[in-house]
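Coordinate analysis (summary)
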Amino acid sequence: MPIQSYKMGPGTLTLGAGGDLLDVSCQMTNFRVEPAESVKSTDPIPVLCGEELPAEDSATLAYRIKGTLLQDLAAAGVAAWTWEHAGEEQAFTFTPNTALAASVTGMARVVPIVIGGDVDKTKRPTSDVDWACVGADPAFTPGA
């Protein structure tokens with residue numbers, strides 16, 4: 001297989017659905033969907049007859065959406081949206097590069113973003129997003 005790679009952006013990130021859809025693409029400085037594996041193991045169990053019930057492993061996957069965004073204080077902005085929908089399960093659609101048309105869709109539990117930060121004449125306040133994906137696993141749709 002030859003080398004294949006892409007550059008992040010220009011892309012899109014939308015939160016919510018229907019009339020409450022919020023496009024936060026221009027607020028994000030980075031974004032990713034992170035899978036993580038959790039493995040649970042049991043020890044072997046010896047029994048009276050001298051045999052042993054073998055150890056067992058089970059693995060599950062969990063997903064999170066993570067990123068950093070520029071804070072805003074607008075009534076129709078991302079800070080207000082996260083505070084209004086705190087604790088709710090909301091849809092997301094992430095397209096890392098619109099020209100390549102690949103995307104990830106899913107549901108995540110909203111945690112309000114931090115408002116504020118250091119006083120600085122040159123830097124803009126940012127907030128980190130780290131939300132658990134809920135329901136069905138996110139779906140990755142590859143590009144063409």
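Structure: above.
Conventions adopted
- Counting starts from 1 at the beginning of each chain's written sequence and moves along it residue by residue.
- Confidence filtering applies because this is a predicted model: local features only for residues at pLDDT of at least 70, side-chain atom pairs given and counted only at 80 or more, and all residues used for totals across whole chains, interfaces and linings.
- Hydrogens and water are ignored here; the side-chain numbers use all heavy atoms of the structure.
- The helix and strand labels rest on DSSP assignments: H or I over at least four residues marks a helix, E over at least two residues marks a strand, and numbering proceeds from the N terminus.
- Within 3.5 Å is the distance limit for a polar contact, defined as a pair of N or O atoms, with the added protein rule that one can donate a hydrogen and the other accept it, and that residues adjacent in sequence qualify only through two side-chain atoms.
- Any two residues whose heavy atoms approach within 4.5 Å are treated as being in contact.
- Residues are called lining when one of their atoms sits within 4 Å of a cavity or pocket point, these points coming from a 1 Å grid over the protein atoms alone, where a cavity is a set in which a 1.4 Å probe fits but cannot get out and a pocket is an open set with protein on both sides within 12 Å along at least five of seven lines.
- Grid points are joined across faces, edges and corners, and a volume is the space filled by probe spheres set on the points.

1. Notes on the side chain of glutamine 71
Considering the arrangement of structural elements, one finds glutamine 71 in the loop between β6 (57-70) and α1 (78-84). A polar side-chain atom of glutamine 71 sits 3.0 Å from the main-chain carbonyl oxygen of threonine 126. Within the structure, the side chain of glutamine 71 is placed 3.1 Å from the side chain of serine 127, a separation counted as a polar contact. What glutamine 71 contacts, discounting residues up to four positions off in sequence, is Gln27, Val114, Ile115, Gly116, Pro125, Thr126 and Ser127.

2. Some thoughts on empty space enclosed by the protein
Taken as a whole and assessed by the stated rule, the structure comprises 1 cavity of 30 Å³ or more. Its volume calculated, the largest cavity comes out at about 40 Å³. Lining the largest cavity, in full, are Leu13, Leu15, Val24, Met28, Phe31, Ile65, Leu69, Val78, Val129 and Trp131. Listing elements by their share of the lining of the largest cavity, those giving two or more residues are β1 (12-15), β3 (28-41), β6 and β9 (126-132).

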